[in-house]
Amino acid sequence: QVQLVESGGGLVQAGGSLKLSCAASGHIFSSSAMGWFRQAPGKEREIVAGITRSGGSTYYTDAVKGRFTISRDNAENTVYLQMNSLKPEDTAVYYCAATRGSRYVSTRLNEYAYWGQGTQVTVSS
């Protein structure tokens, strides 16, 4: 069984920064591509960023390119999301997710088998 626990969310002013962390338990972490998703009130959950299991390749949705950076530490079973130049439209619950042993990043929610409980990010204007 894989458990994912996010941390690092909070309230920040526009232009500020936050760093989210996702700690994984279970042996699947290092063999799985990981993703960060977000869901704003009244909107569908969407992918924000993804990283291959080696960390050698990343994906970003257009809205966050140049502002967010995803990274991972396989020795620590942790994936991170550094968020800079935050905007009010980044306000959402952010979720960490793991594929079931897939090497590659997927943008499709149903490719991710394991999900964290979410952490709230609120950006004030």
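Details of the structure are given in the entry above.
Draft legend 1. The arrangement of the pairing of strand β8 (residues 78-83) in detail. Here strand β3 (residues 18-25) runs beside β8; their pairing, made up of six bridges, is antiparallel. Across the sheet, residue Ser21 finds its bridge partner in β8, namely Tyr80. Connecting strand β7 (residues 68-73) to the antiparallel partner β8 that follows it, the hairpin turn spans four residues, and Asn77 within it adopts a positive phi of roughly 50°.

Draft legend 2. Representation of the nonpolar core in the model. Leu4, Val79, Leu81, Met83 and Tyr94 are the most contacted members of the largest nonpolar core, which has 30 residues in total. Elements with a minimum of two residues in this core: β3, β4 (34-39), β5 (46-51), β7, β8, β9 (92-99) and β11 (119-124). If we skip the residues at most four places from it in the chain, Leu81 touches Leu18, Lys19, Leu20, Trp36, Val48, Ala49, Phe68, Thr69, Ile70 and Tyr94.

Draft legend 3. Structural view of the packing of aromatic side chains. On inspection of all chains with the given rule, the structure shows three aromatic pairs. Measuring from ring centre to ring centre gives 5.0 Å for Phe37 and Tyr112, while their planes differ by 80°; the resulting arrangement is edge-to-face. Taken together, the positions of Phe37 in strand β4 and Tyr112 in strand β10 (residues 112-115) put the pair 75 residues apart, joining distant regions of the chain. Given a relative accessible area of 0%, Phe37 falls into the buried group. Ring geometry for Phe37 against Trp115: centres 4.8 Å apart, planes inclined by 55°, an arrangement best described as tilted. Linking Phe37 in strand β4 with Trp115 in strand β10, this pair joins segments that are 78 residues apart in sequence. Assessed through its relative accessible area of 28%, Trp115 is described here as partly exposed. Cluster of aromatic residues (ring-pair linked, three or more members): Phe37, Tyr112 and Trp115. Here the guanidinium or amino end of Arg45 rests over the ring plane of Trp115, the centre of that ring lying 4.9 Å away.

Draft legend 4. Region of interest: unusual backbone geometry. Despite not being glycine, Asn77 has its phi angle at roughly 50°, a positive value. Along the polypeptide, Asn77 turns up in the loop between β7 and β8. In this structure Asn77 comes out as partly exposed when scored by relative accessible area, which is 22%. With a phi angle near 50°, Ser85 is a residue other than glycine that sits in the positive phi range. Along the chain, the position of Ser85 falls in the loop between β8 and β9.

Draft legend 5. Layout of the sheet that holds β7. Judged by pairing direction, the sheet is antiparallel, and its four strands sit side by side in the order β1-β3-β8-β7 without closing on themselves. In the strand order of this sheet, the two ends are held by β1 (3-7) and β7, each with one partner. Strand-to-strand twist of the sheet, defined as the mean angle between neighbouring strand axes without regard to direction, takes the value 15°.

Draft legend 6. Spatial organisation of the pattern of salt bridges. In the structure shown here, the tally under the stated rule is five salt bridges. As a salt-bridge pair, Arg38 and Glu46 come within 2.9 Å of each other at their nearest N and O atoms. For Arg38, a relative accessible area of 6% puts it in the buried group. Among the salt bridges present, the one from Glu111 reaches Arg108, with a minimum N-O distance of 2.7 Å.

Procedures and definitions
Residues numbered from 1 in each chain as written. Predicted model: local features only at pLDDT ≥ 70, side-chain atom pairs only at ≥ 80, totals over all residues. Heavy atoms only, no water. Pairing = 2+ DSSP bridges. Helix = DSSP H or I, 4+ residues; strand = E, 2+ residues; numbered from the N terminus. Core = buried A, V, L, I, M, F, W, Y, C linked by side-chain atoms within 4.5 Å. Buried < 20%, exposed > 50% of the residue type's maximum accessible area, 1.4 Å probe, protein only. Contact = heavy atoms within 4.5 Å. Phe/Tyr/Trp six-rings, centres within 6.5 Å; stacked < 30°, edge-to-face > 60°. Lys NZ or Arg CZ within 6 Å of the ring centre and 35° of its normal. Axes fitted to C-alpha atoms, helices over the stretch in contact; angles between N-to-C directions. Salt bridge = Lys/Arg side-chain N within 4 Å of Asp/Glu carboxyl O.

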